[in-house]
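Read off the chains here:
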Amino acid sequence: MENTNWMVLLEQTQVQKVMETNQYTERFGLMLSEQDAQLLALERKNTLAEQKRIEFGESILPGIIYEFCDSAYIDQGNYVESLIRLQEIFFQYKNEMLDEISDGELLHFMKEQFETICFGDFDYLEGTCLDIFAQAVRAGYRGYRRTDGRGEYAQFDEVERWDKELYLEALRELCWR
């Protein structure tokens, strides 16, 4: 019976920590209700079970919230769903990277790619950017430790990106014809 009470108390503490993030995130127009926080705690529990992981201490969710709350691609309308998806992706790739990367490094990497390469596309973040990076980490790459996970993807990116100067040059040529 005491074990159950301890687990309920831990879940309540996690919900409270998530609710406390509202003080920071409201400046970005993002707020969670108590019901939202409870849903996120339930989804966290389900994701941990699905990924066969456990979390000691505090939940990663406040870290995800603080990292992503200023995203250009997250608004109040998709906030809860985005947090659920980010939790799932986070735990999946902690596994995929064999826990070699710290939580902070992974969050920084995820946020940077989400904003700059993926333009808010969770599928591209998960299926391309993180997949490629996880392969490098599993193969022994550790350069992300110098940068705290920032600025790492360009060396692994297999997709040729558009070049603004080349675009403008082509546009000038078309206009002068």
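Here is a short report on the structure shown in this document. Just so it is clear, the structure is predicted and the values come from calculations on it, not from any experiment. (Residues numbered from 1 in each chain as written. Predicted model: local features only at pLDDT ≥ 70, side-chain atom pairs only at ≥ 80, totals over all residues. Heavy atoms only, no water.)

## Notes on the packing of helix 4 (residues 61-68) against helix 5 (residues 79-96)
Running from amino to carboxyl end, helix 4 crosses helix 5 at an angle of 120°, the nearest separation of the two axes being 10 Å. As helix 4 runs across helix 5, the sense of the crossing is right-handed. The segment helix 4 lies against helix 5, with Leu61, Ile64, Ile65 and Phe68 engaging Tyr79, Leu83, Leu86, Gln87 and Phe90. When the residues that make up the contact of helix 4 with helix 5 are grouped by side-chain class, the tally is 8 nonpolar, 1 polar and no charged. (Axes fitted to C-alpha atoms, helices over the stretch in contact; angles between N-to-C directions. Helix = DSSP H or I, 4+ residues; strand = E, 2+ residues; numbered from the N terminus. Left-handed = near helix turned anticlockwise from the far one by under 90°. Contact = heavy atoms within 4.5 Å. Nonpolar A, V, L, I, M, F, W, Y, C, P; charged D, E, K, R; others polar.)

## Details of helix 4
The buried fraction of helix 4 is high, at 6 of 8 residues. Taken residue by residue, helix 4 has Leu61, Pro62, Ile64, Ile65, Glu67 and Phe68 as its buried positions. (Buried < 20%, exposed > 50% of the residue type's maximum accessible area, 1.4 Å probe, protein only.)

## Details of a nonpolar patch on the surface
Together, Tyr24, Phe28 and Tyr66 line one region of the surface with nonpolar side chains, adding up to about 260 Å² of accessible area. Following the sequence through the fold, Tyr24 ends up in helix 2 (residues 22-25). Relative accessible area serves as the criterion here: at 31%, Tyr24 is assigned to the partly exposed category. (Patch = residues over 30% accessible without salt bridge, like charges linked within 9 Å, V, L, I, M, F, W, Y side chains within 5 Å. Areas by Shrake-Rupley, 256 points an atom, 1.4 Å probe, with all protein chains shown as cover. Salt bridge = Lys/Arg side-chain N within 4 Å of Asp/Glu carboxyl O.)

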